[in-house]
Amino acid sequence: DPAEEASLSVATNFAPNRWVKLNVGGQIYATTIDTLVGREPDSMLARMFLQDGNMVPSERDEQGAYLIDRSPRYFEPIINYLRHGQFVCDSNVSILGVLEEARFFGIYSLVTHLEERLGQEEDPQSDRPLT
Amino acid sequence: DPAEEASLSVATNFAPNRWVKLNVGGQIYATTIDTLVGREPDSMLARMFLQDGNMVPSERDEQGAYLIDRSPRYFEPIINYLRHGQFVCDSNVSILGVLEEARFFGIYSLVTHLEERLGQEEDPQSDRPLT
Amino acid sequence: DPAEEASLSVATNFAPNRWVKLNVGGQIYATTIDTLVGREPDSMLARMFLQDGNMVPSERDEQGAYLIDRSPRYFEPIINYLRHGQFVCDSNVSILGVLEEARFFGIYSLVTHLEERLGQEEDPQSDRPLT
Amino acid sequence: DPAEEASLSVATNFAPNRWVKLNVGGQIYATTIDTLVGREPDSMLARMFLQDGNMVPSERDEQGAYLIDRSPRYFEPIINYLRHGQFVCDSNVSILGVLEEARFFGIYSLVTHLEERLGQEEDPQSDRPLT
Amino acid sequence: DPAEEASLSVATNFAPNRWVKLNVGGQIYATTIDTLVGREPDSMLARMFLQDGNMVPSERDEQGAYLIDRSPRYFEPIINYLRHGQFVCDSNVSILGVLEEARFFGIYSLVTHLEERLGQEEDPQSDRPLT
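Because the structure is predicted, anything quoted here is derived from the model rather than measured.

About the criteria used
- Residues numbered from 1 in each chain as written.
- Chains lettered and ligands numbered in written order.
- Predicted model: local features only at pLDDT ≥ 70, side-chain atom pairs only at ≥ 80, totals over all residues.
- Heavy atoms only, no water.
- Least-squares fit on C-alpha atoms with pLDDT ≥ 70 in both.
- Contact = heavy atoms within 4.5 Å.
- Pairing = 2+ DSSP bridges.
- Helix = DSSP H or I, 4+ residues; strand = E, 2+ residues; numbered from the N terminus.
- Axes fitted to C-alpha atoms, helices over the stretch in contact; angles between N-to-C directions.
- Buried area = accessible area lost by both parts, 1.4 Å probe.
- Salt bridge = Lys/Arg side-chain N within 4 Å of Asp/Glu carboxyl O.
- Polar contact = N/O pair within 3.5 Å; in protein donor to acceptor, adjacent residues only side chain to side chain.
- Nonpolar A, V, L, I, M, F, W, Y, C, P; charged D, E, K, R; others polar.
- Buried < 20%, exposed > 50% of the residue type's maximum accessible area, 1.4 Å probe, protein only.

Undergrad: Explain the relation of the copies chain A and chain B to me, using residue names and the numbers behind them.
TA: Note on the identical chains: chain A maps onto chain B by a rotation of 72° and an axial translation of 0.0 Å, with an RMSD of 0.0 Å. As the rotation angle and translation indicate, the two copies are arranged about a five-fold axis. It is A:N92 whose C-alpha, among those of chain A, lies nearest the rotation axis, at 5.4 Å. Little of the interface of chain A is mirrored in chain B, where only 7% of its interface residues are also at the interface.

Right under this line is the structure:
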């Protein structure tokens, strides 16, 4: 299976400027390996694409995008943070939603920042977790 | 019909990490069976994909996604809840819209949480049902 | 023309659980005939898909979706209303936009409800029609 | 080139109920020639599709949609206005953005309406043009 | 490789009205070379498409769109600015997000304008960069 071979070679041959597609919950994101591993080399995303990482790369969909079973909406501020090192999101976007993704992907500088922002808000219980 | 056969084998052979696509009202969501059945095994979604469930899996579209005749917009907080156990949604999103989907899919822990939130809001009648 | 034949057979053979695709202004919606005709059998949408309706079904695009020259954004609350009988929309969505579509599709219970809501709002003239 | 021929025949044979696709800045809109020329026959859009117009129809993309190098987001209220004669947009949408498109497409009744609305708003300078 | 050849010829043969597709972080934008180089000929985007520019055009995806590893959401006001020379964005959109893209693409008239707007806002620290 040539698609399978291509998948393994991306993961094992470190190529920072190589383009990859991510299928996050059904939505396609295009980015480079450099973005995924450069800023936060210890994150789960980085370890998926680093040569000596101990993670197996995820499955790929029929167009070759790596499947990730997470929210596409709240992944957007995550990937932007990895691109340029700033947290930006629109005023209606739930900070708790982004925090949940930052924790899942193990991006701890962002987790700290978002927890501080949530702590400063007036009615934090309105987005309190259920369980 | 090979598509029909594939559909049945997904439903009858329980494979938690298997990826599935859902076509919710025209929009594609990608997720795993583990997400659909893990947190709320008694929900309608779970029973569609559990081996000994008494539900017939829904029809699939031409790309193999399971067709579900519901709102894609309000399904998004539902699938995120099944992924990580928290309810998060943006500030402009109608809680009543999400509640409607939580009831349809039989996700009762979320129904209870959303009914409490709606009860606490100032002008609940603005989203009062028509019928 | 086989596409033409398929179109006619959908319209003339009443099959409530049959899936149909609608191309509303360029966006695809997936739903069932039961949703389109069940709640409001006298609406224009219902009459497009009822066997003894006097409307000709609209043209279909290259993927078989029925073409409807209306706003996809404001159609979304319409189809959700047909799915479950409640009007829900996000807080930033224009009620006047939804009302315009409810009138076009002849869904009169929803028209009445939306006119009442608009009448209760503080500055109704801000969305006053131009002509 | 058969695509080129099809393009010319749409433009020169006036067919009001004929469906056309527009590719506005990358997003596809589906509409009819009747909508594009009926309400504002002197607009740029109308002249692109009128038989005796002096405009050359724009290029088409690989799926046959007419390419228009403008904002898809602010085109949406424009095409809805051409569909039913009312200006509706969501509360977060920039009126200045829609005005810019109305001017480009030469839809003067809408330009006048939007200029009045902008003149009535409290802080019009917040969206003041740069140049 | 004919796709590779086409890519080089677009970049080296200056054709202002030529249509190009940009794949910005996974989302497709359609525009013309004239828009990309006309208003801000010194920007990074312009230099990618100018004949005597010193930049190598970026890679292209499988449908021929130029890959750019940036936020599609905040690119939208950038490309609209290049189309008509005005900055417009919806009220919920983060100005800091657009500023970050304007800096990346080297569109300095817009950078200046956005920095002034951010300086005038009440709580600028809410979007303060992390690093």
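On we go.
Undergrad: Let's hear about the sheet that holds strand 1 (residues 19–24) of chain A: which residues, and what values?
TA: Residue and element names in this part refer to chain A. Across the sheet, which stays open at both edges, the 3 strands sit in the order 2-1-3 with mixed pairing between neighbours. This sheet does not close on itself; its edge strands, each paired only once, are strand 2 (27–32) and strand 3 (66–68). The average angle at which neighbouring strand axes cross in this sheet is 30°, direction not considered. In terms of strand pairing, strand 1 meets strand 2 through 6 bridges, oriented antiparallel. Along strand 2, the bridge assignment pairs V20 with T31.

Undergrad: How would you sum up the interface of chain E and chain A? Please name residues and give values.
TA: Between chain E and chain A, the residue contacts involve 28 residues of the former and 27 residues of the latter. Counting the surface lost from both chain E and chain A, the interface buries some 2100 Å², and carbon and sulfur atoms represent 44% of this. Scanning the region where chain E abuts chain A turns up 4 salt bridges. With a shortest N-O distance of 2.5 Å, A:E76 and E:R73 are connected by a salt bridge. Across the chain E-chain A interface, the total number found is 15 residue pairs in polar contact (both at pLDDT 80 or more). Looking at the side of chain E that touches chain A, the elements that each hand over two or more residues are strand 3 (66–68), helix 4 (72–84) and helix 5 (95–105) of chain E. With 5 residues, helix 5 of chain E is the single largest residue contributor to the side of chain E that touches chain A. Residue composition of the side of chain E that touches chain A, by class: 8 nonpolar, 10 polar and 10 charged.

Undergrad: So what's going on with the side chain of C:R83? Residues and values would help.
TA: For C:R83, the position within the fold is in helix 4 (residues 72–84). In contact with C:R83, not counting residues within four places along its chain, are B:G25, B:D69, B:R70, B:S71, B:P72, C:A30, C:T31, C:T35 and C:R39.

Undergrad: Could you give me a rundown of the interface of chain A and chain B, with the residues and numbers involved?
TA: Contact residues are listed per partner, giving 27 residues for chain A and 27 residues for chain B. For the pairing of chain A and chain B, the buried interface totals around 2200 Å² over both sides, and the portion due to carbon and sulfur atoms is 44%. Scanning the region where chain A abuts chain B turns up 4 salt bridges. Salt-bridge contacts for A:E62 lead to B:K21; the nearest nitrogen and oxygen are separated by 3.2 Å. Linking chain A with chain B are 15 residue pairs in polar contact (both at pLDDT 80 or more), by the criterion used here. Looking at the side of chain A that touches chain B, the element that brings in the most residues is helix 5 (residues 95–105) of chain A, giving 4 residues.

Undergrad: Before we move on, can you summarise the pairing of strand 1 (residues 19–24) of chain E with the specific residues and values?
TA: Residues and elements named next belong to chain E. Counted residue by residue, strand 1 has 6 buried out of 6 residues, so it is predominantly covered. Because side chains alternate across strand 1, one face comprises the buried residues W19, K21 and N23, and the other comprises V20, L22 and V24, equally buried. Connecting strand 1 to the next strand, strand 2 (residues 27–32), in antiparallel fashion are 2 residues, including G25 with a positive phi near 60°. Note: strand 1 against strand 3, 3 bridges, orientation parallel. Pairing of V24 across the sheet is with I68, part of strand 3.

Undergrad: Account for the sheet that holds strand 3 of chain E, with residues named and values stated.
TA: All names here are of chain E. On the basis of which strands lie adjacent, the open sheet formed by 3 strands has the order 2-1-3 and mixed pairing. The open sheet terminates on both sides in strands that have one partner only, identified here as strand 2 and strand 3. Each strand axis lies, on average, 30° off the axis of its neighbour in the sheet, ignoring direction. Along the sheet, helix 4 contacts strand 1 and strand 2; its crossing angle with strand 2, the most-contacted strand, is approximately 5°.

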